[in-house]
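Structural overview for review
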Amino acid sequence: MSTPASEGFRYPPPRPRLSVEAMLAAKNTQPIRSLDDLAADTFESDEELEEFLAFTYAERHRDVA
């Protein structure tokens, strides 16, 4: 039985190896200089945050019995 011409083909095709520095430069990233750089207004109110935290806690402990 003959083998296909693409016998050496691997799936998925290998990606080129880039250094961390090259990947960061390609995305034009900047270093974090303070905690303010990480701040985000994700929740509109303290109540919304509390609901999220309660839901997350309940989900994490749902199957623990």
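For the structure itself, look to the data block above.
I will try to describe carefully the structure that is included in this document. Note that this is a predicted model, so its numbers are computed, not measured.

Summing up its helical and strand segments, the protein chain has two helices and zero strands in all. Looking at the protein chain as a whole, 2% of its 65 residues qualify as buried. In the form shown here, the protein chain has an accessible surface area of approximately 7100 Å², with 56% of it arising from carbon and sulfur atoms.

Quick look at the pattern of salt bridges now. Taken as a whole and assessed by the stated rule, the structure comprises one salt bridge. One salt bridge connects Glu 59 with Arg 62, and the closest N-O pair in it is separated by 3.1 Å. Overall, the relative accessible area of 36% leaves Glu 59 in the partly exposed class. Accessibility expressed as a relative area gives 56% for Arg 62, which makes it exposed.

Taken as a whole and judged by the stated rule, the model has one aromatic pair. For the ring pair Phe 43 and Phe 52, a centre distance of 5.2 Å and an interplane angle of 40° mean the geometry is tilted.

Bringing a negative patch on the surface into the picture now. On the surface, Glu 44, Asp 46, Glu 47, Glu 48, Glu 50 and Glu 51 cluster together to form a negatively charged patch. Mapped onto the fold, Asp 46 is located in helix α2 (residues 46–60). Take Asp 46: its relative accessible area is 58%, and that puts it in the exposed class.

Side chains of Leu 18, Val 20, Met 23 and Leu 24 sit close together on the surface and give an oily, nonpolar patch of about 390 Å² of accessible area. Within the fold, Leu 18 resides in the segment before α1 (20–26).

What follows covers the side chain of Thr 56. Looking at the element boundaries, Thr 56 is found in helix α2. At 2.9 Å, the side chain of Thr 56 forms a polar contact with the backbone oxygen of Phe 52.

Attention now goes to unusual backbone geometry. Unusually for a residue other than glycine, Asn 28 sits at a positive phi of about 55°. Residue position: Asn 28 is located in the loop between α1 and α2. We classify Asn 28 as exposed; its relative accessible area is 61%.

The rules behind each value
- Residues numbered from 1 in each chain as written.
- Predicted model: local features only at pLDDT ≥ 70, side-chain atom pairs only at ≥ 80, totals over all residues.
- Heavy atoms only, no water.
- Helix = DSSP H or I, 4+ residues; strand = E, 2+ residues; numbered from the N terminus.
- Buried < 20%, exposed > 50% of the residue type's maximum accessible area, 1.4 Å probe, protein only.
- Areas by Shrake-Rupley, 256 points an atom, 1.4 Å probe, with all protein chains shown as cover.
- Salt bridge = Lys/Arg side-chain N within 4 Å of Asp/Glu carboxyl O.
- Phe/Tyr/Trp six-rings, centres within 6.5 Å; stacked < 30°, edge-to-face > 60°.
- Patch = residues over 30% accessible without salt bridge, like charges linked within 9 Å, V, L, I, M, F, W, Y side chains within 5 Å.
- Lys, Arg positive; Asp, Glu negative; His and termini not counted.
- Charge placed at Lys NZ, Arg CZ, Asp CG, Glu CD.
- Polar contact = N/O pair within 3.5 Å; in protein donor to acceptor, adjacent residues only side chain to side chain.

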